[in-house]
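These are the residues of each chain, in order.
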Amino acid sequence: MRRLLPIECERLQGFPEGWTIPEKLEINDPDKVDTLRYHALGNAVTVPVAEWLAGRIKAYLATANKTATAAGVRHGHAKAENGYSLLSRSTSK
């Protein structure tokens, strides 16, 4: 079984082709360049997954804000049915 090429890893992670090629380093050894690219890709967050998560968080916050507004609550003091704050980071009841 062969190892994936850096360009294939970039595609799987949602990056444009060549995104991880170092521009400012003058390295003539292609193996060293590939090692740097694999390292960068291994530490990266997959773009489509990050976009999906951000969309879910945005939708949740919009729903929480609508719920708080409908309840007539202002300034981040909305409370869910379980007593926890909907709009602030506070977990106090």
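Our structure is the block above this text.
Just so it is clear, the structure is predicted and the values come from calculations on it, not from any experiment.

1. Some thoughts on the overall build of the chain
Within the chain, the secondary structure is distributed over 3 helices and 0 strands. Overall, the chain shows an N-to-C arrangement of helices and strands of α-α-α. Split into buried and exposed, the 93 residues of the chain put 17% on the buried side. Here the analysis covers contacts within the chain between residues at least 6 apart in sequence; of these, 37% occur between residues at least 24 apart. Here the chain displays about 7800 Å² of accessible surface, and carbon together with sulfur accounts for 57% of that area.

2. Re the packing of aromatic side chains
Within the structure shown, the criterion is met by 1 aromatic pair. Geometrically, the ring pair formed by Phe15 and Trp19 is stacked, given 6.3 Å between the ring centres and 15° between the ring planes. A relative accessible area of 16% places Phe15 in the buried class.

3. Side note on helix H1 (residues 6-13)
Because each turn of an α-helix spans 3.6 residues, side chains separated by three or four positions in sequence point in the same direction. All of the buried residues along H1 are Pro6, Glu8, Cys9, Glu10 and Gln13. Of the residues one or two after H1, Gly14 is the one with positive phi, at around 90°.

4. Focus on the pattern of salt bridges
Applying the stated rule across the entire model yields 3 salt bridges. Linking Glu10 and Arg37 is a salt bridge whose minimum nitrogen-to-oxygen distance equals 2.9 Å. Of the two residues, Glu10 sits in helix H1 while Arg37 sits in helix H2 (residues 30-42), which places them 27 residues apart along the sequence. When its relative accessible area of 0% is taken as the criterion, Glu10 is described as buried.

5. A word on the side chain of Arg37
For Arg37, a relative accessible area of 10% gives the class buried. Engagement of the side chain of Arg37 in a polar contact is seen with the side chain of Glu10, the distance being 2.9 Å. Within polar-contact distance, the side chain of Arg37 engages the side chain of Thr20 at 2.9 Å. When near neighbours in sequence (up to four residues on either side) are disregarded, Arg37 contacts Pro6, Ile7, Glu10, Gly18, Thr20, Ile21 and Pro22.

6. Digging into the side chain of Gln13
Of note, Gln13 is situated in helix H1. Residue Gln13 is classed as buried on the basis of its relative accessible area, which comes to 17%. The residues touching Gln13, leaving out its near neighbours within four places in the chain, are Leu41, Ala44, Val45, Thr46, Val47 and Pro48.

7. Details of the packing of H1 against H2
Viewed as axis vectors pointing N to C, H1 and H2 meet at an angle of 15°, and their least axial separation amounts to 10 Å. When the axis of H1 is compared with that of H2, the two are roughly parallel. The handedness of the crossing between H1 and H2 comes out as left-handed. Between H1 and H2, the residues in contact are Pro6, Ile7, Cys9, Glu10 and Gln13 and Asp34, Arg37, Tyr38 and Leu41, respectively.

Rules behind the numbers
Residues numbered from 1 in each chain as written. Predicted model: local features only at pLDDT ≥ 70, side-chain atom pairs only at ≥ 80, totals over all residues. Heavy atoms only, no water. Helix = DSSP H or I, 4+ residues; strand = E, 2+ residues; numbered from the N terminus. Buried < 20%, exposed > 50% of the residue type's maximum accessible area, 1.4 Å probe, protein only. Contact = heavy atoms within 4.5 Å. Areas by Shrake-Rupley, 256 points an atom, 1.4 Å probe, with all protein chains shown as cover. Phe/Tyr/Trp six-rings, centres within 6.5 Å; stacked < 30°, edge-to-face > 60°. Salt bridge = Lys/Arg side-chain N within 4 Å of Asp/Glu carboxyl O. Polar contact = N/O pair within 3.5 Å; in protein donor to acceptor, adjacent residues only side chain to side chain. Axes fitted to C-alpha atoms, helices over the stretch in contact; angles between N-to-C directions. Parallel < 35°, antiparallel > 145°, perpendicular 65-115°, else oblique. Left-handed = near helix turned anticlockwise from the far one by under 90°.

In short, shape yes, function no, at least from these values alone.
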